[in-house]
Amino acid sequence: MAIFRRPGHSGQPEPTPEHIAEELAGLVEELEPSVPGAAEGGPAEDLTLYRAERGRRRGSALVAAVARVLGARSRSAARGVAYGGRAMADQLLQAAPRIPVRDLATLRAQHPTAATPDQLADLLITGATRASAALGAGVGAAAMLPVPPAMPVEIAAETLAVAAVEIKLIAELHETYGVPARGTATQRASAYVGAWANRRGIDATLLVKPAGFAAMALGAEVRQQARKRLTRSTLRRLPSLTPLLVGAGIGATINRRDTRKLGRRVRADLRRRPVDGGYWSAAAPVLRGETGR
């Protein structure tokens, strides 16, 4: 992953930015419920448990991949949590434009049971919450291994991966409620990173005056906001270094709670925004048999 590039020590090839971005997106989408409110105790619950375990393994592999690209496992003890700060903000801002964001038409086609924006938002929040928990369980379980010097880098990798999951969630919630960011990929990504750092929707004035996105992409304010948020997130994840699988439970719980809280907070903000009600029906999926009409 070139955006996180450091000299590697594992002997394994470094993942590309596109590969890790696609894997993060795939993890989120895999863990989104396909049937809202599926009954417990049946095949749907068994499938959910299977997907959760597979998601945990996939999350662990993702954290390891990002950590490998962050590199410097042999020097991680000296860096410690200080790796957070400015360097992590730089990495996140470079990574953000590569995060795949589905537009509303794609989201509705993938979730045809969602009849309203709120139902679709529930599915997106659930998927992102499960993905964050999977990432936390992965790095927490790694704490039981006899490689304590590597763990600060693992925490940094997890923090960045979860941030990417949450930025993707925020972007797709904006699509869901008809207020997506405008501009280039970098400008849109900067706007969503700022929303992520501030725990709310994009500033409404920017949506009215899209030229503001260009200034945001070039400004230092978003970078500073991201740095502060990443540092806080890194410190919150330190308890996941607890030995044995207790660490996995703590890491999953912290991430699950934080991502759910973020998603609900952003959704509540976006629901208050005035929009043209026709945007939702305009993105309705084409039903089978209607294409020839």
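Residues numbered from 1 in each chain as written. Predicted model: local features only at pLDDT ≥ 70, side-chain atom pairs only at ≥ 80, totals over all residues. Heavy atoms only, no water.

Caption draft 1: Examining the overall build of the protein chain more closely. When helices and strands are counted, the protein chain shows 13 helices and zero strands. A total of 293 residues make up the protein chain; the buried ones form 49% of that total. The contacts of the protein chain with a sequence gap of at least 6 include a subset with a gap of at least 24, amounting to 81%. Within the structure as shown, the protein chain displays about 13,800 Å² of accessible surface, and the carbon and sulfur contribution to it stands at 56%. (Helix = DSSP H or I, 4+ residues; strand = E, 2+ residues; numbered from the N terminus. Buried < 20%, exposed > 50% of the residue type's maximum accessible area, 1.4 Å probe, protein only. Contact = heavy atoms within 4.5 Å. Areas by Shrake-Rupley, 256 points an atom, 1.4 Å probe, with all protein chains shown as cover.)

Caption draft 2: Quick peek at the pattern of salt bridges. Inspection of the entire model under this criterion finds 14 salt bridges. Among the ionic pairs, Arg-102 bridges to Glu-29, the shortest N-O distance being 3.6 Å. You can see Arg-102 sitting in the loop between α4 (85–95) and α5 (104–110) and its partner Glu-29 sitting in helix α1 (residues 17–30), a full 73 residues away along the chain. Since its relative accessible area comes to 7%, Arg-102 is described here as buried. Residue Arg-267 is joined to Asp-122 by a salt bridge in which the shortest nitrogen-to-oxygen separation is 2.2 Å. Taken together, the residues span a long stretch of sequence, with Arg-267 in helix α12 (residues 245–271) and Asp-122 in helix α6 (residues 117–142) at a distance of 145 residues. (Salt bridge = Lys/Arg side-chain N within 4 Å of Asp/Glu carboxyl O.)

Caption draft 3: Spatial organisation of the side chain of Asp-269. With respect to the helices and strands, Asp-269 occurs in helix α12. Once residues lying within four places of it in the same chain are set aside, the contact partners of Asp-269 are Arg-200 and Gly-201.

Caption draft 4: Highlighting the nonpolar core. With 62 residues, the main nonpolar core has Leu-135, Trp-196 and Leu-230 as its most contacted residues. Per element, the largest residue contribution to this core is 14 residues, and it comes from helix α7 (residues 151–176). Residue contacts for Trp-196: discarding those within four places in its chain leaves Leu-92, Ala-163, Glu-166, Ile-167, Ile-170, Ala-226, Arg-229, Leu-230 and Leu-262. (Core = buried A, V, L, I, M, F, W, Y, C linked by side-chain atoms within 4.5 Å.)

Caption draft 5: Up close: helix α8 (residues 185–198). Its 14 residues place the ends of α8 20 Å apart at the C-alpha level, agreeing with the 20 Å of an ideal helix rising 1.5 Å per residue. With respect to burial, α8 is a largely interior element, ten of its 14 residues being buried. Among all positions of α8, only Gln-187, Ala-189, Ser-190, Ala-191, Tyr-192, Val-193, Gly-194, Ala-195, Trp-196 and Ala-197 are buried. Two residues or fewer past α8, Arg-199 is found with a positive phi of approximately 60°. (Expected span 1.5 Å × (residues − 1).)

Caption draft 6: Structural view of the environment of Arg-56. Within the secondary structure, Arg-56 sits in helix α2 (residues 43–70). Given the relative accessible area of 29%, Arg-56 is considered partly exposed. Taking the C-alpha atoms as reference points, Arg-56 and Arg-130, 74 residues apart in sequence, are found 9.1 Å from one another.

Caption draft 7: Structural view of the confidence of the model for the protein chain. Confidence along the protein chain averages 75 in pLDDT terms, with 67% of residues attaining 70 or more. Within the protein chain, no element has a lower average pLDDT than helix α3 (residues 76–79), which sits at 42, and none a higher one than α5, at 95. Between residues 1–10, whose pLDDT stays under 50, and residues either more than four places distant or in other chains, the model counts 38 contacts. Here residues 72–82 scores under 50 on pLDDT; set against residues more than four positions off or in separate chains, the count is 22 contacts. (pLDDT = per-residue confidence, 0-100.)

Caption draft 8: Representation of the environment of Gln-225 within the structure. By secondary structure assignment, the location of Gln-225 is in helix α11 (residues 221–236). Taking the C-alpha atoms as reference points, Gln-225 and Ala-89, separated by 136 residues in sequence, lie 8.7 Å from one another. The residues contacting Gln-225, other than those within four sequence positions of it, are Gly-194, Ala-197 and Asn-198. One polar contact links Gln-225 to Asn-198, side chain to side chain, over a distance of 3.5 Å. (Polar contact = N/O pair within 3.5 Å; in protein donor to acceptor, adjacent residues only side chain to side chain.)

Caption draft 9: Quick peek at unusual backbone geometry. The phi angle at Arg-199 is positive, at roughly 60°, despite the residue not being glycine. You can call Arg-199 buried: its relative accessible area is 12%.

Caption draft 10: Geometry of the environment of Ala-191. Looking at the secondary structure, you find Ala-191 in helix α8. Separated by eleven residues in sequence, Ala-191 and Pro-180 place their C-alpha atoms 10.0 Å apart.

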